[in-house]
Amino acid sequence: MDDSEDFLGLRRGLRDLADDPVRESGPAPVVPVAAVVARGRRIRQVRRSLAAGAATLVVAGGSVLGVSGKDRQAPPSGPTPGPVTPTYPYEGKYAPQPPSGPHDPLDTGPGRPVENVRYRYDLSAVCDLRYAVFGGRVWERTDGGSSGTVRWAADRMRGFMSWTDGVRSRSEPDTAVFETETPATLPTLRFRPLAGPAPECLGQEPERRYGDAPAATLGPERPERGVRYPYDMTKECATRYAVFAGRLWRAEDEGDGRTQTIVEWANDLPLAGFMTLTSERTAVLEWPGGAAGGASGGAAGDAPAGGPRTTTFRPVEARGDDCPDAGQ
């Protein structure tokens, strides 16, 4: 406390004594200066204590609520989102392959791709999606068009590439198919082998990398109902089980209690198909009518040639004893 505060307290005390209406006569009283000053000090100490106590109460209140002033946020608006469905652990020989990063070389697949098997593939933007290099060949769009009107946010369109033998599928010539993970991003593009020389734009492509691993895509964890997603069916469990939408599914039984054996593989690579979520408890797998061929276009399996076939799956909690080769 400084001298100015003591002086002001003294003045207030003297004013109170001078204005006392009770005193009318008699000798002037002795002014209790020390008492007045002491009283002023006590009043200011009480006021300061009250102010400090109020501040402490505010801070303590925030601590009790578990929120400090700098961390305090407005409550979220709208409904509270539910818990994320845990992804069912993948069990199989081929794990799903991730897409390339923004600075990685372009995914190209193997030099000799297996028929009806999807591989991670990046379609370069330099040729406006009109040409592709895949399986040691140059391919061109079957419709002769390009996608120059597409607004590119990067130097590539990430997706998958597969091919079918034109002679075996009774359609000339061979066909390569490019698909994205989300069909709404870009429609399926079909390619045929280029007859003439390679276009100059391919020389401007970024570096490419090659790999033999199949894409083994299982679709998104949160698929939209009614959307047909690229899906690679594995050989494990003879196609009785499928991992889709972050959970495990089992093929519906046929009338005699057995599940369908979709195809006999000529190799153990995943087969390119499609999966559609038709309801919360029903998913339909669509797979090609012919079996997957070997590395050099081997023999077909027992599925008849022609249009695609389908099988229906329903969710289950775990695999049963009808999957002896799981994880092999």
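Residues numbered from 1 in each chain as written. Predicted model: local features only at pLDDT ≥ 70, side-chain atom pairs only at ≥ 80, totals over all residues. Heavy atoms only, no water.

A.B. asks: I keep staring at the packing of aromatic side chains and nothing clicks. Help me out?
C.D. replies: Aromatic ring pairs: the centre-centre distance and the angle between the two ring planes describe each pair. All told, the structure shown has four aromatic pairs when counted by the stated rule. Note on Tyr121 and Phe178: the rings are 6.3 Å apart at their centroids and 75° apart in plane angle, and the pair reads as edge-to-face. One end of the pair, Tyr121, is in strand 2 (residues 119–124); the other, Phe178, is in strand 6 (residues 175–179), and 57 residues separate them in sequence. For the pair shown, Tyr121 and Phe178 are each scored as buried. Relative to Trp249, the ring of Phe244 has its centre 6.4 Å away and its plane inclined at 50°; by these criteria the two rings are tilted. Taken together through their ring pairs, the aromatic side chains of Tyr121, Phe134 and Phe178 make up a single cluster. (Phe/Tyr/Trp six-rings, centres within 6.5 Å; stacked < 30°, edge-to-face > 60°. Helix = DSSP H or I, 4+ residues; strand = E, 2+ residues; numbered from the N terminus. Buried < 20%, exposed > 50% of the residue type's maximum accessible area, 1.4 Å probe, protein only.)

A.B. asks: Please explain the pattern of salt bridges as it appears in this structure.
C.D. replies: Pairing between side chains of opposite charge can happen when the charged atoms of each approach one another. A full pass over the atoms with the stated rule returns 15 salt bridges. With a closest N to O distance of 2.6 Å, Asp107 and Arg209 form a salt bridge. Note that Asp107 is positioned in strand 1 (residues 106–107) and Arg209 in strand 8 (residues 208–209), a separation of 102 residues in sequence. By relative accessible area, which is 9% here, Asp107 ends up buried. For Arg209, a relative accessible area of 32% puts it in the partly exposed group. The salt bridge involving Asp122 is made with Arg156; its shortest N-O contact spans 3.6 Å. Note that Asp122 is positioned in strand 2 and Arg156 in strand 5 (residues 156–164), a separation of 34 residues in sequence. When its relative accessible area of 1% is taken as the criterion, Asp122 is described as buried. Through salt bridges that share partners, Arg118, Glu179 and Asp232 make up one connected network. (Salt bridge = Lys/Arg side-chain N within 4 Å of Asp/Glu carboxyl O.)

A.B. asks: In this structure, what is going on with the pairing of strand 13 (residues 282–287)? I would like to understand it.
C.D. replies: Side chains on a regular strand alternate between the two faces of the sheet. Note that strand 12 (residues 271–279) and strand 13 share five bridges and pair antiparallel. Bridge assignment links Leu277 to a residue of strand 13, and that residue is Ala283. With five bridges connecting them, strand 13 and strand 14 (residues 309–316) associate as antiparallel partners. Bridged to Val284 within strand 14 is Thr312. (Pairing = 2+ DSSP bridges.)

A.B. asks: Hey, could you run me through the pairing of strand 7 (residues 189–193) in this one?
C.D. replies: Summarising the sheet, strand 4 (residues 137–141) and strand 7 pair through three bridges and their orientation is antiparallel. Bridge pairing in strand 7 places Glu140 opposite Arg192. Examined bridge by bridge, strand 6 and strand 7 share three bridges and lie antiparallel to one another. Along strand 7, the bridge assignment pairs Ala176 with Phe191.

Geometric values such as these leave the question of function open.
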